[in-house]
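Coordinate inspection notes
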Amino acid sequence: MNYTKWIAHFERNRKDRPEPDWSAPMSICPKILAAMLPSLEQFRLGDGGGPACLIAHDADRFCGGATPMRTIVDLWFAEEAGHARLLGCAVERFGGRRITSHWSFTAFCLCRRAVGVRCELQVLLLTELVSTAYYRLLRRHSPDAPLATMCALILRDEGGHVAFHRDRLASAGRSPLGLGGALWQAQFWLCGLAAATVLWTSHGRCLGAIGGSRSEYFQEVRHELGRFVLSLCRALEPNSGSVRPIQPAYFVPVRKEMI
Ligand SMILES: [Fe+2]
Ligand SMILES: [Fe+2]
């Protein structure tokens with residue numbers, strides 16, 4: 001894996017980050033605000049508001065000691081902490097509170113601790129993918145300009161995080177092709193859709209209130225999952241333009257631009 005490239009990416013990404021204008025006038029109908037606020041409060045806690053490191057019992061296997069991977073993981077989690085800061089500003093703007101616990105966050109951390117670091121990294125990757133779908137809808141339907149700017153900033157970071165996961169999986173030889181790859185893809189899709197369902201359960205009310213829909217959200221999720229698998233294929237088989245990962249037809253409609 002090209003560590004230098006990723007350290008440079010995170011260093012570069014710290015620059016040129018226009019802060020949303022949190023003091024801009026606001027006019028959101030109270031009904032929408034009431035649906036949006038709990039969602040933002042929970043996201044502030046879940047997206048960088050918790051431990052700023054890998055917490056699996058064997059996390060040192062992945063980034064122990066003063067290694068370049070440790071530096072990259074620290075930079076990645078620093079960006080996540082930045083998301084919690086931005087979401088905190090949004091919560092404050094809308095008159096909410098910075099919650100410190102929620103059942104979904106407790107379950108999320110328990111799950112990360114209990115499984116090994118390889119599984120924790122997949123849990124985090126899937127969380128980034130389904131959260132990307134959430135932020136896309138929030139930005140698209142945002143009733144508030146600073147909130148939309150915040151989503152754009154977070155989406156920019158998440159794009160880098162997802163690409164980092166792709167590189168680390170590719171360098172570990174995690175091919176989605178062949179029989180083993182097909183099994184990996186099946187569990188990846190299944191876990192991804194399960195994560196998206198959990199997210200929709202807690203945040204569907206918010207997305208629905210601002211004009212989003214369940215089908216729109218899941219369309220984004222399928223797009224993100226499919227695009228990730230495809231980019232992993234391409235990272236491993238850069239010379240094969242015809243590589244076509246397994247795409248269960250009922251999970252994702254294969255799009256022309258994905259091939
Ligand atoms: Fe994040
Ligand atoms: Fe992230």
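Everything below is about the structure shown above.
Residues numbered from 1 in each chain as written. Chains lettered and ligands numbered in written order. Predicted model: local features only at pLDDT ≥ 70, side-chain atom pairs only at ≥ 80, totals over all residues. Heavy atoms only, no water.

**Some words on the coordination of the iron ion (ligand 1)**
Protein-derived coordination of the iron ion (ligand 1) comes from D47 (OD), D47 (OD), E80 (OE), H83 (ND1) and E158 (OE), at a distance range of 2.0 to 2.8 Å. Read from N- to C-terminus, the donor residues coordinating the iron ion (ligand 1) fall into the pattern D-x32-E-x2-H-x74-E. Between the iron ion (ligand 1) and the iron ion (ligand 2) the interatomic distance comes to 3.5 Å, and E80 is a ligand of both metals. With a gap of 111 residues between them, D47 in the loop between α2 (30-46) and α3 (60-63) and E158 in helix α7 (residues 145-171) connect regions that are remote in the sequence. (Donors = N, O, S within 2.8 Å, 3.2 Å for Na, K, Ca; no water. Helix = DSSP H or I, 4+ residues; strand = E, 2+ residues; numbered from the N terminus.)

**Focus: unusual backbone geometry**
Within the chain, D16 stands out as a residue other than glycine whose phi angle is a positive 50 degrees. On the secondary structure map, D16 appears in the loop between α1 (3-13) and α2.

**A few points about the packing of α2 against helix α4 (residues 68-93)**
The angle between the axes and the distance between the axes are what describe a pair of packed helices. Where α2 meets α4, the axes come as close as 8 Å, and the angle between the chain directions of the two elements is 155 degrees. Between α2 and α4, the angle is such that the two are roughly antiparallel. α2 and α4 meet at a crossing whose hand is left-handed. Contacts from L37, L40, E41, F43 and R44 of α2 reach α4 at A84, L87, G88 and V91. Considering only residue class, the contact of α2 with α4 consists of six nonpolar, one polar and two charged. (Axes fitted to C-alpha atoms, helices over the stretch in contact; angles between N-to-C directions. Parallel < 35°, antiparallel > 145°, perpendicular 65-115°, else oblique. Left-handed = near helix turned anticlockwise from the far one by under 90°. Contact = heavy atoms within 4.5 Å. Nonpolar A, V, L, I, M, F, W, Y, C, P; charged D, E, K, R; others polar.)

**Structural notes on the coordination of the iron ion (ligand 2)**
On the protein side, the iron ion (ligand 2) has E80 (OE), E128 (OE), E158 (OE) and H161 (ND1) as donor atoms, found 1.7 to 2.2 Å from it. Each of the four donor atoms bound to the iron ion (ligand 2) contributes to angles spanning 80 to 159 degrees, and the resulting shape is irregular. Donor residues for the iron ion (ligand 2), ordered by position in the chain, follow E-x47-E-x29-E-x2-H. (Tetrahedral: all angles 85-135°; square planar, octahedral: opposite > 155°, others 65-115°.)

**A look at helix α6 (residues 117-140)**
With 24 residues, α6 should cover 34 Å at 1.5 Å per step; its first-to-last C-alpha distance of 34 Å lies within 8% of that length. Counting buried positions over the 24 residues of α6 gives 19, a clear majority of the element. (Expected span 1.5 Å × (residues − 1). Buried < 20%, exposed > 50% of the residue type's maximum accessible area, 1.4 Å probe, protein only.)

**Observations regarding the environment of I7**
Considering the arrangement of structural elements, one finds I7 in helix α1. Between the alpha carbons of I7 and P68 there is a distance of 8.1 Å; along the sequence they are 61 residues apart.

**Regarding the packing of aromatic side chains**
What characterises a pair of aromatic rings is the spacing of the ring centres plus the angle enclosed by the ring planes. Scanning all chains against the criterion turns up eleven aromatic pairs. Taking 6.3 Å as the distance between ring centres and 45 degrees as the angle between the ring planes, the aromatic pair formed by W6 and F10 counts as tilted. In this pair, W6 and F10 are both assigned in helix α1, four residues apart and thus about one turn of the helix distant. The pair W6 / F10 is uniform in exposure class, with both members buried. When the ring of Y217 is compared with that of F218, the centres are 5.3 Å apart and the planes differ by 85 degrees; the resulting orientation is edge-to-face. Its relative accessible area of 0% is what places Y217 among the buried residues. A relative accessible area of 8% means that F218 is categorised as buried. Pairwise contacts between aromatic rings join W6, F10, W76, F77 and F164 into one cluster. (Phe/Tyr/Trp six-rings, centres within 6.5 Å; stacked < 30°, edge-to-face > 60°.)

**Quick notes on the nonpolar core**
Within the largest apolar cluster, 48 residues are counted, with the highest numbers of intra-cluster contacts made by Y134 and Y217. Setting aside its immediate chain neighbours within four residues, Y134 contacts S39, L40, F43, L199, H203, C206, L207 and Y217. Counting residues in hydrophobic clusters, the runner-up holds 24 residues, among them W6, C109, V123 and A163. (Core = buried A, V, L, I, M, F, W, Y, C linked by side-chain atoms within 4.5 Å.)

**So, α1**
An α-helical turn contains 3.6 residues, so a residue and the one three or four places further along point in the same direction. Considered for burial, the residues of α1 that qualify are W6, H9, F10 and N13. The buried residues of α1 all sit within an arc of 90 degrees when viewed along its axis, so they share a single face. Exposed residues pointing more than 90 degrees away from the buried face of α1 are listed as T4 and R12. Residues of α1 that are buried make contact with α4 and α7. Between the side-chain oxygen of the N-cap and the backbone nitrogen of T4 there are 3.3 Å, and the N-cap of α1 in question is N2. (Arc of directions from axis to C-beta. Polar contact = N/O pair within 3.5 Å; in protein donor to acceptor, adjacent residues only side chain to side chain.)

**Considering the pattern of salt bridges**
Per the counting criterion, the structure on display carries 15 salt bridges. Close ionic contact of E11 with R14 constitutes a salt bridge, the shortest N to O distance being 3.3 Å. Take E11: its relative accessible area is 34%, and that puts it in the partly exposed class. Owing to a relative accessible area of 52%, R14 belongs among the exposed residues under this scheme. Here D74 makes a salt bridge to R70, at a shortest N to O gap of 3.7 Å. Separated by four residues within a single helix, D74 and R70 lie in helix α4, roughly one turn from each other. Judged by its relative accessible area of 39%, D74 falls in the partly exposed class. What makes R70 partly exposed here is its relative accessible area of 32%. A network of salt bridges, in which partner residues are shared, links R136, R140, E216, E220, E224 and R227. (Salt bridge = Lys/Arg side-chain N within 4 Å of Asp/Glu carboxyl O.)

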